[in-house]
Amino acid sequence: MTFRSFIALAAACSALPATALLTRPDRDDAEYLELASRYTSSIALGATAGEGVLLNRRWILTAAHRARPLRDASAGRLLIGRETHDVAAVFLHPEWKGGADNDIALVLLRKDVAGFDPTAIYRGDDESGKAVVIVGHGGGRKRAAINTVDRVTPLTLGLHVKPLDDASDLQGQATAAETGGPAYVESGGEILVAGILHGTDGGWETHARVSAFATWIEATMLEVARKEADELMGPRY
């Protein structure tokens with residue numbers, strides 16, 4: 001089955017909103033909802049801010065194209081769960097030029113997020129062929145689907161929708177409304193963040209390859225921690 005027929009069947013057989021993760025028409029939506037419940041670090045950032053994932057209680061990893069508007073004072077608040085959070089700072093990857101390469105960013109909140117379990121990042125370089133779980137909140141409900149990494153470049157991961165006879169049991173694809181969201185991989189019994197969704201094109205999803213940005217992510221978070229510690233301690237004599 002081609003991707004076009006996959007979408008046609010999904011549209012015909014599924015009652016999901018157009019902005020929701022595209023799912024197999026021969027699977028019950030409850031299965032996608034149940035799978036998503038295992039990934040509490042995946043969070044919706046609001047109607048215009050897309051998706052993100054908590055790396056710890058104050059840090060969100062998302063796409064640069066989603067984070068850029070949050071630098072404006074008028075947009076510097078996020079509704080996460082039932083609480084509104086002020087954005088303390090936004091860090092776009094310095095080499096992002098508007099495309100898929102380097103489309104990754106960190107958002108620092110002023111206070112901790114409660115009720116969500118953060119997830120660490122994946123640092124391996126063996127993503128090709130691995131199963132991943134993508135999560136999105138399109139249509140106001142959190143769903144997750146399974147696919148595999150079919151294409152790897154130094155900075156991106158590519159996932160392709162397979163024909164149903166070759167697809168995972170809960171195959172799906174995120175929509176444009178769900179960019180910034182995570183792709184999870186399991187390694188050593190631990191769930192880790194391997195990708196951040198840049199966008200979709202036909203049957204392909206393109207994700208920022210998180211392992212390629214591990215050094216930048218850690219350095220950015222460490223520098224902020226040092227500055228906050230210095231401010232807390234006050235002047236040194």
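The structure this text deals with has already been given above.
Residues numbered from 1 in each chain as written. Predicted model: local features only at pLDDT ≥ 70, side-chain atom pairs only at ≥ 80, totals over all residues. Heavy atoms only, no water.

For this particular structure, what's the right way to read the nonpolar core?
General note: in soluble globular proteins, nonpolar side chains tend to be found buried as a group. Core analysis: the biggest nonpolar cluster contains 42 residues, and Leu61, Ile104, Leu106, Ile196, Val210 and Ile217 have the highest contact counts within it. Sequence-distant contacts of isoleucine 104, defined by excluding residues within four places in its chain, comprise Leu61, Thr62, Ala63, Ala64, Leu92, His93, Ile196, Ala208, Val210, Phe213, Trp216 and Ile217. In this structure, Ile80, Trp96, Ala105 and Val107 belong to the second largest nonpolar core, which totals 19 residues. (Core = buried A, V, L, I, M, F, W, Y, C linked by side-chain atoms within 4.5 Å. Buried < 20%, exposed > 50% of the residue type's maximum accessible area, 1.4 Å probe, protein only. Contact = heavy atoms within 4.5 Å.)

I tried to follow helix H2 (residues 29-36) on my own but got confused; where do I start?
Note: α-helices contain 3.6 residues per turn, so residues at a spacing of three or four share the same orientation. Along H2, the positions that sit buried rather than exposed are Tyr32, Leu33, Leu35 and Ala36. Relative to the axis of H2, the buried residues are bounded by an arc of 160 degrees and lie together on one face. Looking at the buried positions of H2, the neighbouring elements they touch are strand E1 (22-23), strand E8 (131-136) and strand E9 (143-152). The backbone nitrogen of alanine 30 has a side-chain oxygen 2.8 Å away, supplied by the residue at the start of H2, namely aspartate 28. (Helix = DSSP H or I, 4+ residues; strand = E, 2+ residues; numbered from the N terminus. Arc of directions from axis to C-beta. Polar contact = N/O pair within 3.5 Å; in protein donor to acceptor, adjacent residues only side chain to side chain.)

When you look at helix H4 (residues 214-233) in this model, what are you seeing that I'm missing?
Taking 1.5 Å as the rise per residue, H4 with 20 residues should run 28 Å; its terminal C-alpha atoms sit 29 Å apart, in good agreement. Every buried residue belonging to H4 is among Ala214, Trp216, Ile217, Thr220, Met221 and Val224, and all of these are buried. Elements that come into contact with the buried residues of H4 comprise strand E4 (59-62), strand E6 (83-92) and strand E7 (105-109). (Expected span 1.5 Å × (residues − 1).)

Explanation requested: the sheet that holds strand E14 (residues 204-209) in the structure shown.
By way of backbone hydrogen bonds, the strands of a sheet pair with one another, either parallel or antiparallel. Around the barrel, six strands lie side by side as E8-E9-E10-E14-E13-E12; this closed barrel has antiparallel pairing. This sheet shows a mean twist of 45 degrees between the axes of neighbouring strands, independent of strand direction. Bridge analysis of E8 against E9 gives six bridges, and the strand direction is antiparallel. Each residue of the ladder has a partner; that of valine 133, found in E9, is isoleucine 146. (Pairing = 2+ DSSP bridges. Axes fitted to C-alpha atoms, helices over the stretch in contact; angles between N-to-C directions.)

How do you make sense of the sheet that holds E7 when you look at a structure like this?
Read across the sheet, six strands follow the order E2-E3-E4-E7-E6-E5 without closing on themselves; strand pairing throughout is antiparallel. Bordering the open sheet on either side are strand E2 (42-44) and strand E5 (77-80), each of which pairs with just one other strand. Each neighbouring strand pair of the sheet contributes to a mean axis angle of 40 degrees, computed without reference to strand direction. Note: E5 against E6, four bridges, orientation antiparallel. Residue pairing in the sheet places arginine 77 in a bridge with aspartate 86 of E6. Most of the contacts of H4 go to E7, to which it runs at about 25 degrees, and overall it touches E4, E6 and E7.

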